[in-house]
Amino acid sequence: MAPEAVAWPSARDGLKTITAAIAALPERMAPHCADFAALKQEGRNGTLAGTLSRETERLDEYVASQLASLAKSLSRQKASPRTPTRDGWVAVANDRAQRTIALARFIGLHRLGLNHVVGEHDRGHAVGERLLPGLKERLEQSERSFWRQRHQIRPLLDEIGGLFSRGGQYDAAAQPGDGSLQDGSTFSRKTRKFWVPAESEIEVMTRLLPHLPLYYFGKRVAKGSQGQRAESDPATTSVYLDAADFSLYRTRLRRDDGAVALRLRVYADDSLAAVGDSASGQLSNKVWVERKTHREQAESVKERFPVSLAGVNALLAAGNGRPVCTDELLGQHDQASGADTGKAQKH
């Protein structure tokens with residue numbers, strides 16, 4: 001699949017590396033890319049604030065137009081009376097995937113570039129004059145921000161996967177009912193996890209599409225264009241808690257018997273959590289405090305209880321300034337209503 005995969009700049013890379021990656025984007029995108037050298041000069045001149053606002057709005061509009069164009073092309077392909085050959089479907093899917101990767105890279109690289117330029121500006125200014133906090137809040141919270149708009153790409157990946165499916169890419173993939181996919185209530189699995197920078201998340205997912213269908217994990221699974229579809233959104237947001245010496249992490253990494261993982265988790269559109277739509281960026285009012293205990297000779301156990309989003313800080317501060325241990329976190333709620341304790345297969 002073109003474009004060829006290239007190394008992603010990291011937040012630690014200099015602006016030169018980031019701008020070189022932006023220059024490698026498709027030529028049609030060049031007129032819409034930010035001029036980071038000019039922005040850097042604006043920072044030196046003390047005029048960056050106004051320019052930054054205009055530049056982010058321009059990026060917002062461009063990304064919105066590209067998303068609309070990509071969605072329209074996929075919709076038009078679906079409604080077309082022509083039926084391509086299997087190779088034809090794959091060619092169309094590759095074309096749409098290429099456009100998606102380019103857009104995802106445009107979004108991610110501009111976030112990195114803006115953070116770099118504004119961060120450099122802030123190092124020479126007092127706290128009250130710094131721009132990075134406002135930029136980060138805008139990119140993360142504003143529905144119109146080009147960075148938040150990347151969430152709108154995820155539903156399009158399902159459409160692109162459907163094109164690959166019509167081309168026979170997933171003929172050997174597991175289908176519901178074959179024992180490998182289950183309803184999410186009881187399962188056994190082995191996983192290998194990788195850290196993926198937020199800027200490259202969509203690109204990684206898109207590059208995997210020719211090889212693997214999207215796997216929808218949810219309570220209800222029904223057959224769809226890619227062979228499976230869950231009615232619930234599988235997305236989660238997790239914050240893992242640990243001691244200052246990372247003792248929980250280290251014991252889990254060694255898979256010690258009795259090793260504990262303690263986390264705060266928000267489930268998107270999970271029927272147990274009854275939360276809002278993660279794709280729209282709305283957060284649930286319910287947060288689960290979960291403790292998973294690894295057992296070598298028995299089933300691992302997951303215990304959890306819900307707290308309100310507003311009550312999370314109060315719960316974590318219950319130790320009067322000292323870290324709250326796992327038993328205390330669970331015990332505080334147990335006394336009131338009892339924890340939701342369930343067993344999970346070892347995995």
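The structure we're discussing is the one just above.
Rules used throughout
Residues numbered from 1 in each chain as written. Predicted model: local features only at pLDDT ≥ 70, side-chain atom pairs only at ≥ 80, totals over all residues. Heavy atoms only, no water. Helix = DSSP H or I, 4+ residues; strand = E, 2+ residues; numbered from the N terminus. Buried < 20%, exposed > 50% of the residue type's maximum accessible area, 1.4 Å probe, protein only. Contact = heavy atoms within 4.5 Å. Areas by Shrake-Rupley, 256 points an atom, 1.4 Å probe, with all protein chains shown as cover. Pairing = 2+ DSSP bridges. Salt bridge = Lys/Arg side-chain N within 4 Å of Asp/Glu carboxyl O. Phe/Tyr/Trp six-rings, centres within 6.5 Å; stacked < 30°, edge-to-face > 60°. Lys NZ or Arg CZ within 6 Å of the ring centre and 35° of its normal.

A. Expanded view of the overall build of the protein chain. Counting its regular elements, the protein chain contains 10 helices and seven strands. Out of the 347 residues belonging to the protein chain, those deemed buried represent 39%. The contacts of the protein chain with a sequence gap of at least 6 include a subset with a gap of at least 24, amounting to 69%. Accessible area of the protein chain: about 19600 Å², with a carbon and sulfur share of 52%.

B. Geometry of the pairing of strand S5 (residues 286-293). Counted residue by residue, S5 has seven buried out of eight residues, so it is predominantly covered. Where strand S4 (residues 260-267) lies against S5, six bridges are found, and the strand directions are antiparallel. Paired with Arg 265 across the strands is Trp 288, a residue of S5. One ladder, built from eight bridges, connects S5 with strand S6 (residues 300-308); its direction is antiparallel. Its bridge partner lying in S6, Lys 286 is registered against Ser 308. Here S5 hands over to S6 after six residues, the two strands then running antiparallel side by side.

C. The arrangement of the pattern of salt bridges in detail. For the structure on display, the rule yields 14 salt bridges. For Arg 96, the salt bridge identified is with Asp 95, shortest N-O distance 2.6 Å. In this structure, Arg 111 engages Glu 199 in a salt bridge whose closest nitrogen and oxygen atoms are separated by 2.6 Å. Of this pair, Arg 111 sits in helix H4 (residues 86-122) while Glu 199 sits in the loop between helix H6 (153-166) and helix H7 (201-208), and the two are 88 residues apart along the sequence. The residues Arg 111 and Glu 199 share a single accessibility class, namely buried. Here the salt bridges share partners, and the residues they tie into one network are Arg 105, Glu 203 and Arg 207.

D. Representation of the packing of aromatic side chains within the structure. The full count for this structure, using the stated rule, is one aromatic pair. Both rings, one in Tyr 62 and one in Phe 106, keep their centres 5.0 Å apart while their planes meet at 55 degrees; by these two values the pair is tilted. Of this pair, Tyr 62 sits in helix H3 (residues 48-79) while Phe 106 is found in helix H4, placing the two residues 44 residues apart along the sequence. Taking the relative accessible area as the measure of exposure, Tyr 62 reaches 8% and is therefore buried. A relative accessible area of 0% places Phe 106 in the buried class. The ring centre of Trp 147 lies 3.7 Å from the NZ or CZ of Arg 150, which sits over that ring. Geometry around Trp 288 places Arg 304 over its ring, the cationic atom sitting 3.9 Å from the centre.

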